[in-house]
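Here's the letter readout for the chains.
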Amino acid sequence: MNINFSTATFKDFENIPGYDMMDRADIYYDFIEYMKTNGHRYRLQNNTGCSSVMNIGDEEEATKEMVSFVTSDYLGLTQHPKVKQAAIKGIEKFGAGSAATPLIGGYYSYHNELETKIAEFFGRTGDEAVTFTTGYTANSATLQILLQKEDIAILDMAVHASVYEGCILTNRKTFPHNDLAALEHILKTSEDKYRTKLVVIDGVYSQDGDTAPIEEIYKLVKKYNAYLMIDDVHGVGILGKTGRGTIEDTGLLDKIDIITGTFSKTFGNLGGYVIANKNLINFIRFQSRQQIFSATIAPGTAAGIIRAIDLIDEEPHLRFKLWENINYLKKGLDELGLDTGTTCSAVVPVKIGDPHLTLDIGKMLLDRGVYTNPIMYPAVARKNGRIRMSVTATHEIQHLDKTLNAFEDINKKLHIAKK
């Protein structure tokens, strides 16, 4: 074995030639223990639920109250009393779980209500939605059933891992992030070679927090007789005039071929959705293995989501408060000379570069009571490590000031500001 733990990344352990699964697991266990001894721990235990402040720690480490930027509960709906009450009522009416797959008894009235409501939320008159138990599955399952060996998926290289997994049965080409010239070249050279050409992009990209040039991509897709799928999990509830996400302000909400998303971020719960014309949705419902063989969303979950969807319109002040927090934090980081890239969303990265320095900074922030996500290869390029923060409407100014003070202190020690 030739893995240096001091420079290793998670990807180095995906496959180690000559070592069977048990051997690889043993080696990886040693790596995780090595990281612990150097102060870097993964899967930190949260003892107080999803919030802007969390109590972190377990029997191995004393618990500590942290300002948290690690969840995507952008509007704070996981703890909203109206959402929690709706979930309780859902359980009281239907019980704790669905206990079946949708084709053999697991499709309840609350599933129909949720699918109708999320399609209507996006103004998709005449179109329909299908729900999955996770947002990850909504992407991977949909792509696996729609695209086969005669087809091609054309992906922005920064799309979510669930999209890549969904393309394992089909041809795949990627284009550099938001590079319209490269996208057009692939569309042009693929035009007559494949049965189905599907371009897949994110609305907001999860690591840089920037947005896709949707109008320009839509024009290219239609010019070359392709289809467009947009996953806008980090845009819905945050961007758009009424919180319908990145597509809303383009005027294309009713024209995008497939819209996918998750209920685990802005809607504060669990599950995923796919919205498209009713024939395509019907095909996914009855052909996707994940639909046929997976149990459906539980009643409390669905009831909470249904109430959360209404709150996007009923309580717009949550979105306004979120943007006050985003702008405050980003302004403070910029004034410190830190590199926040091209973010224009609630995802705020501080770009560091070196992956191991990124890990060290994550630990220093933890020591100062600020819980963030150090992101490294393979989630980003090897030399593009960053501290990733998700800002929420429930953060208070004192939380943001504590974070800025921690970054200022670390910058004085490590000189991480842009040159």
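Going by the structure above, here's the rest.
I will try to describe carefully the structure that is included in this document. (Residues numbered from 1 in each chain as written. Predicted model: local features only at pLDDT ≥ 70, side-chain atom pairs only at ≥ 80, totals over all residues. Heavy atoms only, no water.)

**Section: the nonpolar core**
Note on soluble globular proteins: their nonpolar side chains tend to be buried together.
Line of reasoning, step 1. Ile118, Ile201 and Phe267 are the most contacted members of the largest nonpolar core, which totals 101 residues.
Line of reasoning, step 2. With seven residues, helix α10 (residues 299–314) is the largest single contributor of residues to this core.
Line of reasoning, step 3. The residues contacting isoleucine 201, other than those within four sequence positions of it, are Asp156, Val159, Phe175, Ala212, Ile214, Ile217, Leu228, Met229, Ile230 and Asp231.
Line of reasoning, step 4. Ranked by size, the runner-up nonpolar core spans eleven residues in total, among them Phe5, Phe13, Ile16 and Met35. (Core = buried A, V, L, I, M, F, W, Y, C linked by side-chain atoms within 4.5 Å. Buried < 20%, exposed > 50% of the residue type's maximum accessible area, 1.4 Å probe, protein only. Helix = DSSP H or I, 4+ residues; strand = E, 2+ residues; numbered from the N terminus. Contact = heavy atoms within 4.5 Å.)

**Examining the sheet that holds strand β5 (residues 171–175)**
Line of reasoning, step 1. Taking strand neighbours across the sheet as the criterion, the seven strands line up as β3-β9-β8-β7-β6-β4-β5 in an open arrangement whose pairing is mixed. In this open sheet, the two edge strands, each paired with only one partner strand, are β3 (128–132) and β5. Strand-to-strand twist in this sheet, taken as the mean axis angle between neighbours without regard to direction, amounts to 20°.
Line of reasoning, step 2. Where β3 meets strand β9 (residues 272–276), five bridges bridge the pair, whose relative direction is antiparallel. Each bridged residue has a counterpart across the sheet, and for glutamate 128 the counterpart in β9 is alanine 276.
Line of reasoning, step 3. The strands touched by helix α3 (residues 109–121) are β3 and β9; relative to β3, the strand with the most contacts, the crossing angle is about 125°. (Pairing = 2+ DSSP bridges. Axes fitted to C-alpha atoms, helices over the stretch in contact; angles between N-to-C directions.)

**Comments concerning the pairing of strand β6 (residues 197–202)**
Line of reasoning, step 1. Judged by how many residues are buried, β6 sits mostly within the fold: six of six residues are covered.
Line of reasoning, step 2. A two-sided burial pattern is seen for β6, the buried positions comprising Lys197, Val199 and Ile201 on one face and Leu198, Val200 and Asp202 on the other.
Line of reasoning, step 3. Inspection of the sheet shows strand β4 (residues 152–156) paired to β6 by four bridges, in the parallel sense. Directly across from leucine 155, in β6, lies its bridge partner valine 200.
Line of reasoning, step 4. Note that β6 and strand β7 (residues 227–231) share five bridges and pair parallel. Bridging across to β7, isoleucine 201 finds its partner in isoleucine 230.
Line of reasoning, step 5. Regarding the hand of the β-α-β motif, the stretch spanning β6, helix α7 (residues 214–223) and β7 is right-handed. (Right-handed = clockwise from strand over helix to strand, strands pointing away.)

**Concerning the packing of helix α6 (residues 180–190) against α7**
Line of reasoning, step 1. In the contact formed by α6 and α7, the axes pass within 10 Å of each other and the chain directions differ by 15°. Considering the angle they form, α6 stands roughly parallel to α7. For the element pair α6 and α7, the recorded crossing hand is right-handed. In this structure, α6 contributes Leu180, Leu183, Glu184 and Leu187 to the contact, and α7 contributes Glu216, Ile217, Leu220, Val221 and Lys223.
Line of reasoning, step 2. For the contact of α6 with α7, the per-class residue count stands at six nonpolar, no polar and three charged. (Parallel < 35°, antiparallel > 145°, perpendicular 65-115°, else oblique. Left-handed = near helix turned anticlockwise from the far one by under 90°. Nonpolar A, V, L, I, M, F, W, Y, C, P; charged D, E, K, R; others polar.)

**Some remarks on the sheet that holds strand β10 (residues 347–353)**
Line of reasoning, step 1. Taken in spatial order, the three strands of this open sheet run β10-β13-β12, and their pairing is antiparallel. The open sheet has two edge strands with one neighbour each: β10 and β12 (373–375). Direction aside, neighbouring strands of the sheet carry axes that sit 25° apart on average.
Line of reasoning, step 2. Sheet topology places β12 next to strand β13 (residues 385–390); three bridges connect them, and they run antiparallel. Along β13, the bridge assignment pairs isoleucine 375 with arginine 386.
Line of reasoning, step 3. Contacts from helix α12 (residues 355–367) reach β10, β12 and β13, with the element oriented near 40° to β13.

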